[in-house]
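Here is what each chain is made of, one letter per residue.
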Amino acid sequence: MKFDELDVQMRVFETAHDHCALPGIYLVARIDGRSFTRLTKDVHKFEAPFDPKFRDLMLDTTEGLLTEFNAVYGFTQSDEISLLFPLSCDLFGRKLRKLNSVLAGYASAKFSLGLGSMACFDCRICQLPREKHVVDYFRWRNEDAHRNALSAHCYWNLRKRGETADAASKALLGLSVADKNEMLFQQGVNFNELPAWQKRGMGLYWEDYEKEGVNQKTGEKVSATRRRIKRDMELPMKEAYSEFVGRFVGEKGMP
């Protein structure tokens, strides 16, 4: 059999189950760290529950993804990243297999280079038919960050006071949000006063700015509009966050 005939025959097995996202549907990539509990607690021993060094690695990884793949908004909390692509996105022909593998591979490589050792991410693509679903998705992740932060601070405050992992977990079972806030307050921690990035996650997006320069021919000062990525560490919450995310839904990405 000639190579060309063999090539056609075998590529059927490789691409038979390729699926593409339909046009006119918003794409959000959810990228999660694999086995990060072990990585951050046993291998590298980051400070619990939140470590600025780990935070910065996640921010660098998110910014790299935003830049490399022309996403319009990135959100990160804990070991997860969510990326919103413009509605017109035609990255890899919208092939889901390609999107999942390349985005996970890039995140894994970027984070590993920053950490100095191997780390792994997986990826899944959410296909959202309406603007409301996009807003609700990021609202969901924003509120999940708040719930996770509250539980994490309660758990690690108990651990640092000498409780075992099992005892600390059991102590939190069935507690309401108010109960957990009161627990922290009794331990000298006002949850409302903790850094916003811990409680709400962090957002990254493009912003315009004016760059000053000098006209080399006339010597006159001139300015030009440029774009850069802003790292927002003070995201709003609830309805204010919904309105905030809504402004990115119609973004077209970088020209």
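Residues numbered from 1 in each chain as written. Predicted model: local features only at pLDDT ≥ 70, side-chain atom pairs only at ≥ 80, totals over all residues. Heavy atoms only, no water.

Draft legend 1. Spatial organisation of the packing of aromatic side chains. Throughout the structure, instances matching the rule amount to 20 aromatic pairs. Taken together, a centroid distance of 6.2 Å and an interplanar angle of 75 degrees make the contact between F36 and F54 edge-to-face. With F36 in helix α2 (residues 36–43) and F54 in helix α3 (residues 52–68), the pair connects residues that are 18 residues apart, well separated along the chain. Within the aromatic cluster, the residues linked to one another by ring pairs are Y73, F75, Y137, F138, W140, Y205, Y241, F244 and F248. Taking the ring centre of W140 as reference, the NZ or CZ of R141 above it sits at 4.2 Å. Sitting over the face of the ring of F191, K199 holds its NZ or CZ atom 5.9 Å from the ring centroid. (Phe/Tyr/Trp six-rings, centres within 6.5 Å; stacked < 30°, edge-to-face > 60°. Helix = DSSP H or I, 4+ residues; strand = E, 2+ residues; numbered from the N terminus. Lys NZ or Arg CZ within 6 Å of the ring centre and 35° of its normal.)

Draft legend 2. Seen up close, the nonpolar core. Membership of the largest hydrophobic core comes to 35 residues, with the highest contact counts inside it found for I31, L83, F85, L103 and F111. In terms of residue count, helix α4 (residues 96–115) provides more of this core than any other element does, 7 residues in total. Excluding its chain neighbours within four sequence positions, the residues that come into contact with I31 are L65, D79, E80, I81, L83, L103, A107, F121, D122 and C123. Grouped together as the second largest cluster of nonpolar side chains are 19 residues, Y73, F75, Y137 and Y205 included. (Core = buried A, V, L, I, M, F, W, Y, C linked by side-chain atoms within 4.5 Å. Buried < 20%, exposed > 50% of the residue type's maximum accessible area, 1.4 Å probe, protein only. Contact = heavy atoms within 4.5 Å.)

Draft legend 3. Quick look at the pairing of strand β3 (residues 80–84). Judged by how many residues are buried, β3 sits mostly within the fold: 5 of 5 residues are covered. Here β3 shows a buried face lined by E80, S82 and L84 and a second buried face lined by I81 and L83. The turn linking strand β2 (residues 73–77) back onto β3 is made up of 2 residues, and S78 within it adopts a positive phi angle of 50 degrees. (Pairing = 2+ DSSP bridges.)

Draft legend 4. Examining α4 more closely. With 20 residues, α4 ought to run about 28 Å at 1.5 Å a step, and its terminal C-alpha atoms sit 28 Å apart, in line with that. For α4, every residue scored as buried is listed here: L96, L99, L103, A104, A107, S108, F111, S112 and L115. Seen from one end, α4 has its buried residues packed into an arc of 165 degrees, which puts them on one side. Each element contacted by the buried residues of α4 is listed here: β1 (26–33), α2, α3 and β4 (121–128). Following α4 by one or two positions, G116 adopts a phi angle in the positive range, close to 90 degrees. (Expected span 1.5 Å × (residues − 1). Arc of directions from axis to C-beta.)

Draft legend 5. Seen up close, the packing of helix α5 (residues 131–160) against helix α7 (residues 177–186). It is at 10 Å that the axes of α5 and α7 come closest, and there the two elements cross at 40 degrees. Classified by the interaxial angle, the pair formed by α5 and α7 is oblique. Between α5 and α7 lies a crossing whose hand is left-handed. Every residue of α7 that contacts α5 at L150, S151, H153, C154, N157 and L158 is listed here: V177, K180, N181, M183 and L184. Classifying every residue of the contact of α5 with α7 gives 6 nonpolar, 4 polar and 1 charged. (Axes fitted to C-alpha atoms, helices over the stretch in contact; angles between N-to-C directions. Parallel < 35°, antiparallel > 145°, perpendicular 65-115°, else oblique. Left-handed = near helix turned anticlockwise from the far one by under 90°. Nonpolar A, V, L, I, M, F, W, Y, C, P; charged D, E, K, R; others polar.)

Draft legend 6. Region of the structure containing the pattern of salt bridges. Under the counting rule described, the total for this entry stands at 17 salt bridges. Where D32 meets R124, a salt bridge forms, and the shortest distance between an N and an O atom there is 2.6 Å. Here R124 lies in strand β4 and D32 lies in strand β1, a separation of 92 residues in the sequence. K170 is the salt-bridge partner of D166, the closest N and O atoms lying 3.2 Å from each other. With D166 and K170 both in helix α6 (residues 165–172) and 4 residues apart, this pair spans about one turn of that helix. Classification of D166 by relative accessible area gives partly exposed; the value is 48%. Counted as one network, the salt bridges with shared partners bring together R30, D32, E80, D122, R124, R141 and D144. (Salt bridge = Lys/Arg side-chain N within 4 Å of Asp/Glu carboxyl O.)

Draft legend 7. Main features of the packing of α5 against helix α9 (residues 238–249). At a minimum axis separation of 9 Å, α5 and α9 run at an interaxial angle of 130 degrees. One way to sum up the angle between α5 and α9 is to call them oblique. In the packing of α5 onto α9, the handedness of the crossing is right-handed. Two secondary-structure elements touch here, α5 through E131, V134, V135, F138, R139, N142 and E143 and α9 through K238, E239, Y241, S242, V245, G246 and V249. Split by residue class, the contact of α5 with α9 holds 6 nonpolar, 3 polar and 5 charged.

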